[in-house]
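# Overview (structure and organization)
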Amino acid sequence: YNVSTFFYTSFNQHNLEYLLVTNAFYISANIMAMFALYNSEILERKGFFQRFLLSEKQKEIVDINKNLESQVEERTEMLNSRNQKLVVEINHRKKIEKMLFLAKEKAEESDRLKSAFLSNMSHEIRTPMNGILGFIELLKAPDLSEDEQNEYFKVVTDSSDRLLFTINDIIEISKSFNVDAQIIGR
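Read on for a plain summary of the structure. (Residues numbered from 1 in each chain as written. Predicted model: local features only at pLDDT ≥ 70, side-chain atom pairs only at ≥ 80, totals over all residues. Heavy atoms only, no water.)

## Some words on the overall build of the chain
- In terms of helices and strands, the chain carries three helices and zero strands.
- N-terminal to C-terminal, the α/β element order of the chain is α-α-α.
- Out of the 186 residues in the chain, the part that is buried amounts to 9%.
- Here the analysis covers contacts within the chain between residues at least 6 apart in sequence; of these, 48% occur between residues at least 24 apart.
- Accessible surface, the chain as shown: approximately 16300 Å² in total, 62% of it carbon and sulfur. (Helix = DSSP H or I, 4+ residues; strand = E, 2+ residues; numbered from the N terminus. Buried < 20%, exposed > 50% of the residue type's maximum accessible area, 1.4 Å probe, protein only. Contact = heavy atoms within 4.5 Å. Areas by Shrake-Rupley, 256 points an atom, 1.4 Å probe, with all protein chains shown as cover.)

If you want it as structure tokens, here you go:
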């Protein structure tokens, strides 16, 4: 441009001022363009650097997310395992509670049966005992005939035999309960 302007001015005999003004304009335009390109280059480099930092941070975020996901999976597995163990333990406890409830019912039934048994045995023992004691008192009477005495002795003997049979039965029942308890205990 400068060469063409120089030839133009030398042929047309324009003054040198025109050449200097146009050169100054074009030089300032080039300088402004260089500043613009320089600023554009700086901004591009900043953008590149920021994009680079952003991609690095995104990689870090991806790694952190993977780490967190693996931790969540591990804890989920651990909690599922604990939940399964708790379900087993709860079921076991329910079975034990049911067994305890059944054992309690059996014990209460056994207690009722024992009370009924003792009541019956008490009656079975008291009846012949009352007969024995009552007729012994009657035997103490001085005006008894020999037939009455023999009859009273017979009642006392029969009541004694009945009492002895009842006591023997109680002993046999007690032995069978002890044998059953030993078998169940094993």
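## Observations regarding a nonpolar patch on the surface
- Taken together, the side chains of Phe48, Phe49, Phe52 and Leu53 define a hydrophobic patch exposed on the protein surface, amounting to about 420 Å² of accessible area.
- On the secondary structure map, phenylalanine 52 appears in helix H2 (residues 16–139).
- The exposure class of phenylalanine 52 is partly exposed, given its relative accessible area of 41%. (Patch = residues over 30% accessible without salt bridge, like charges linked within 9 Å, V, L, I, M, F, W, Y side chains within 5 Å. Salt bridge = Lys/Arg side-chain N within 4 Å of Asp/Glu carboxyl O.)

## Overview of the side chain of serine 159
- Within the fold, serine 159 resides in helix H3 (residues 146–185).
- On the basis of relative accessibility, which here comes to 12%, the residue serine 159 falls in the buried class.
- Excluding anything up to four places from it in sequence, serine 159 contacts Pro128, Gly131 and Ile132.

## Overview of the packing of aromatic side chains
- Counted according to the given criterion, the structure contains one aromatic pair.
- Ring plane angle 55° and centroid distance 5.2 Å describe the contact between phenylalanine 135 and tyrosine 152, whose orientation is recorded as tilted. Taken together, the residues span a long stretch of sequence, with phenylalanine 135 in helix H2 and tyrosine 152 in helix H3 at a distance of 17 residues.
- Residue class for phenylalanine 135 comes out partly exposed when judged on its relative accessible area of 24%. (Phe/Tyr/Trp six-rings, centres within 6.5 Å; stacked < 30°, edge-to-face > 60°.)

## Looking at a negative patch on the surface
- Judged by side-chain charge, Asp143, Glu146, Asp147, Glu148 and Glu151 come together as a negatively charged surface patch.
- In this structure, aspartate 143 sits in the loop between H2 and H3.
- On the basis of relative accessible area, aspartate 143 is assigned to the exposed category, the value being 67%. (Lys, Arg positive; Asp, Glu negative; His and termini not counted. Charge placed at Lys NZ, Arg CZ, Asp CG, Glu CD.)

## As for the pattern of salt bridges
- Counting across every chain of the model gives nine salt bridges.
- Measuring nitrogen to oxygen at the nearest pair gives 3.2 Å for the salt bridge that ties glutamate 44 to arginine 51.
- For arginine 51, a relative accessible area of 46% translates into the label partly exposed.

## Focus on the side chain of threonine 166
- Looking at the secondary structure, you find threonine 166 in helix H3.
- We classify threonine 166 as buried; its relative accessible area is 9%.
- A distance of 2.9 Å separates a polar atom in the side chain of threonine 166 from the backbone oxygen of arginine 162.
- Those residues within four positions of threonine 166 in sequence are excluded, and the remaining contacts are Met121, Glu124 and Ile125. (Polar contact = N/O pair within 3.5 Å; in protein donor to acceptor, adjacent residues only side chain to side chain.)

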